[in-house]
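Single-letter residue listing:
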Amino acid sequence: MMEMKPLLIEGRPVTAITVQLPKTTLLAITTDKGYIMCGALDIGLLNAKLADRGILAGRAVGVRTIEQLLEAPLESVTIAAEELGITAGTIGRDALLKMM
């Protein structure tokens, strides 16, 4: 099952995506410029192989719901996110606000 739903963060729209897979759930929240995701996101790949794209993204591990993803500290972020002031340890909600 896949669910997409709009959310507001400080009155600004984002899209929350939940994909239920066998034995795991993928979680992502996206703005028009970037996104945060659960532990399935490969930040190393984005930084090494796709660096020229300047992808704004962050990864939180151990989250099981969209609400947890919003409140979790990011475990890793892309180089482009770091350039925007988003670092490991930034709370998901705060990272998304910087990506708007």
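In the block above lies the structure referred to throughout.
About the criteria used
Residues numbered from 1 in each chain as written. Predicted model: local features only at pLDDT ≥ 70, side-chain atom pairs only at ≥ 80, totals over all residues. Heavy atoms only, no water. Helix = DSSP H or I, 4+ residues; strand = E, 2+ residues; numbered from the N terminus. Buried < 20%, exposed > 50% of the residue type's maximum accessible area, 1.4 Å probe, protein only. Contact = heavy atoms within 4.5 Å.

Novice: Tell me about the environment of Met37, residues and numbers included.
Specialist: When you line up the elements, Met37 lands in strand 4 (residues 34-37). On the basis of relative accessible area, Met37 is assigned to the buried category, the value being 16%. In this structure, the C-alpha to C-alpha distance between Met37 and Met100, residues 63 residues apart in sequence, is 16 Å. Not counting the four nearest positions on each side in its chain, Met37 is found in contact with Leu27, Ala28, Gly58, Arg59, Ala60 and Leu69.

Novice: Explain the side chain of Thr18 to me, using residue names and the numbers behind them.
Specialist: In this structure, Thr18 sits in strand 2 (residues 12-21). Among all residues touching Thr18, those that are not within four sequence positions of it are Met1, Met2, Glu3, Thr25, Leu26, Leu27 and Ile66.

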